[in-house]
Amino acid sequence: QEQLVESGGGVVQPGGSLRLSCAASGFTFSNYAMHWVRQAPGKGLEWVAIVWYDGSNKSYRDSVKGRFAISRDNSKKTLYLEMNNLRADDTAVYYCARDRFQSGSYCDYWGQGTLVSVSS
Amino acid sequence: QSALSQPASVSGSPGQSITISCTGTSNDIGSYKYVAWYQQHPGKAPKLMIYEVNYRPSGVSNRFSGSKSGNTASLTISGLQAEDEADYYCSSYTTSGALGFGGGTKLTVL
């Protein structure tokens, strides 16, 4: 059964950095694109970034371009999100999600999320 | 970034049917079959309910159905049950290579 487990969240000061990880199991990780999606407290889902199955293509929402970097290690079946220069409006639960295909389409499996809180 | 439009809330009585709309543009819903719907209960991760406009994943009740016309997608839930009370989100792939989500619709079962 497909499983995604996020880790690395926590409290960080504005301007700080954090690295999120997402460990995948139960499926062939290298066959699928992967997403990060976030949800601010009491708000809706907001797509953050995607990386294709082989890492060859990456896309980001405008508000995180230049600050966040998505990457993957297919040998470790792990997805990453490196977050720099964090702002208060980055506070959210961050979900990793599997795409149905090798490039973008929709998310078919989701992790339970990890909370990132940016506060002084 | 692509943001799809959904009503903030809908409600219905047990046994009734409701429909949630999701309006996009020719750059997302209008261009792709990759329209999906997710259900999210409080404190839980989203769950895929409909994919590629009108297909249900294994295990999802056939009371859930989807459709699309032009730039607008719709989710219909028939025979409302108390357990259907949740937030519902639509998503669509976009021409910019991003994923767009709707703002979410809170379904209340009266």
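Only a predicted model underlies this, so the values are computations on that prediction, with no experimental measurement involved.

Reading the values: the criteria
- Residues numbered from 1 in each chain as written.
- Chains lettered and ligands numbered in written order.
- Predicted model: local features only at pLDDT ≥ 70, side-chain atom pairs only at ≥ 80, totals over all residues.
- Heavy atoms only, no water.
- Pairing = 2+ DSSP bridges.
- Helix = DSSP H or I, 4+ residues; strand = E, 2+ residues; numbered from the N terminus.
- Axes fitted to C-alpha atoms, helices over the stretch in contact; angles between N-to-C directions.
- Contact = heavy atoms within 4.5 Å.
- Buried area = accessible area lost by both parts, 1.4 Å probe.
- Salt bridge = Lys/Arg side-chain N within 4 Å of Asp/Glu carboxyl O.
- Polar contact = N/O pair within 3.5 Å; in protein donor to acceptor, adjacent residues only side chain to side chain.
- Nonpolar A, V, L, I, M, F, W, Y, C, P; charged D, E, K, R; others polar.

A. Representation of the sheet that holds strand S3 (residues 18-25) of chain A. Residue and element names in this part refer to chain A. Here four strands make up an open sheet; going across it, the order is S1-S3-S8-S7 and the pairing antiparallel. Of all strands in the sheet, those with a lone pairing partner are strand S1 (3-7) and strand S7 (68-73), marking the two edges. Going from strand to strand, the sheet's axes swing by 15 degrees on average, the running direction of each strand aside. Pairing analysis gives six bridges linking S7 to strand S8 (residues 78-83), with the strands arranged antiparallel. Paired with Arg72 across the two strands is Leu79, which belongs to S8.

B. Structural context of the sheet that holds strand S3 (residues 18-23) of chain B. Residue and element names in this part refer to chain B. Spatially, three strands are ordered S3-S7-S6 in an open sheet, and the strand pairing comes out antiparallel. Of all the strands in the sheet, just S3 and strand S6 (64-69) have a single pairing partner and so form its edges. Each strand of the sheet is rotated relative to its neighbour by a mean of 20 degrees, with strand direction disregarded. Alignment of S3 against strand S7 (residues 72-77), held across six bridges, turns out to be antiparallel. Residue Ser21 lies in a different strand from S7, and its bridge partner there is Ser74.

C. Geometry of the interface of chain A and chain B. Counting residues at the interface gives 23 residues for chain A, matched by 21 residues for chain B. Summing both partners gives a buried area of about 1700 Å² for chain A against chain B, and 61% of it is carried by carbon and sulfur. It is Leu45, Trp47 and Tyr106 of chain A in chain A that bury the most area against chain B; as a group they hold 36% of the surface buried on that side. For the pair chain A and chain B, the interface holds zero salt bridges. The interface formed by chain A and chain B holds six residue pairs in polar contact (both at pLDDT 80 or more) in total. Counting only elements with at least two residues in the side of chain A that touches chain B, the list comes to strand S4 (34-39), strand S5 (45-51), strand S6 (58-60) and strand S10 (107-110) of chain A. Residue composition of the side of chain A that touches chain B, by class: 10 nonpolar, eight polar and five charged.

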